[in-house]
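The primary structure of each chain is shown beneath.
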Amino acid sequence: MKVLGIRNSPTDIRFAISEKINGSISLENISGENKLVFPKHLTLLSEKVGWLYQEFDNILSNNPDIQIIAVKQNENVSTKYSKVQETAFYDSIAHLIGNHKGIPVNSYVYNNIGTRSKEVQNFAESYAGKTTKHWNSKMADAIAVTIKELK
């Protein structure tokens, strides 16, 4: 089974494509593309949402064997909605495209995954390895949700 893991933010989107092979989790894009950056000319949220939908559609079209989409959502912390609003819209796009393609979508916080923000990079690396470029906690979040689905 192949899983698309997504971690959205207002500036960029990180994604991991993982599958379980012979009992081990393999990160398919460990040295490939794993980061989507919004084009600078897109300033309106509606433009960014449309662009992101197309990018997710491209990823799914190029990987037709993806069976689940997993999203690492913002943690349930008391904060101002305005700080998480944009990311919440992008999370919704993952749910929308999954619905249109007939692919189940699940959202997770660290407690569901079995790790914490300070440990997520080690968690992801221990199961699936570390990407060769753009490695950070957001990338680890995208990998961690695929691990949750594949365990």
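Throughout this description, residue numbers start from 1 for each chain and increase along the sequence as written. Where local features are concerned, this predicted model is filtered to residues with pLDDT of at least 70; where side-chain atom pairs are given and counted, the filter is 80 or more; whole-chain, interface and lining totals use all residues. Only hydrogens and water are set aside when side-chain values are computed; all heavy atoms of the structure are taken into account.

Draft legend 1. Spotlight on the packing of aromatic side chains. Each Phe, Tyr or Trp ring (for Trp, its six-membered ring) is paired with any other whose centre lies within 6.5 Å, and the angle between the two planes then decides the class: stacked below 30 degrees, edge-to-face above 60, tilted in between. In this structure the tally under the stated criterion is three aromatic pairs. Here Phe38 and Tyr90 contribute two aromatic rings whose centre-to-centre distance is 4.9 Å and whose plane-to-plane angle is 35°, an arrangement assigned as tilted. Highlighted residues: Phe38 in the loop between strand 4 (35–37) and helix 1 (45–62) and Tyr90 in helix 2 (residues 81–101), separated in sequence by 52 residues. Residue Phe38 is classed as buried on the basis of its relative accessible area, which comes to 7%. Under the DSSP-based scheme used, a helix requires at least four consecutive residues in state H or I and a strand at least two consecutive residues in state E, with every element numbered from the N terminus. Exposure classes here rest on a 1.4 Å probe applied to the protein chains alone. A residue is buried below 20% of its type maximum, exposed above 50%, and partly exposed in between.

Draft legend 2. Quick peek at the pairing of strand 2 (residues 12–21). In terms of residue burial, strand 2 counts as a mostly covered element, since seven of its ten residues are buried. Between any two strands, at least two bridges found by DSSP are needed for them to pair. As paired strands, strand 1 (residues 2–8) and strand 2 are joined by seven bridges and run antiparallel to one another. Looking at strand 2, one finds that Val3 is bridged to Ser18. The antiparallel pairing of strand 1 with strand 2 creates a hairpin that spans three residues between the two strands. In terms of strand pairing, strand 2 meets strand 4 through three bridges, oriented antiparallel.

Draft legend 3. Representation of the pattern of salt bridges in the model. Only one rule defines a salt bridge in this text: a Lys or Arg side-chain nitrogen within 4 Å of an Asp or Glu carboxyl oxygen. Using the criterion set out here, one finds eight salt bridges in the structure. Glu86 is paired through a salt bridge with Lys48; the nearest N and O atoms lie 3.2 Å apart. Of this pair, Glu86 sits in helix 2 while Lys48 sits in helix 1; the two residues are 38 residues apart in sequence, bridging distant segments of the chain. By relative accessible area, Lys48 is classed as buried at 14%. By sharing partners, the salt bridges in this structure join Lys2, Glu28 and Asp65 into a single network.

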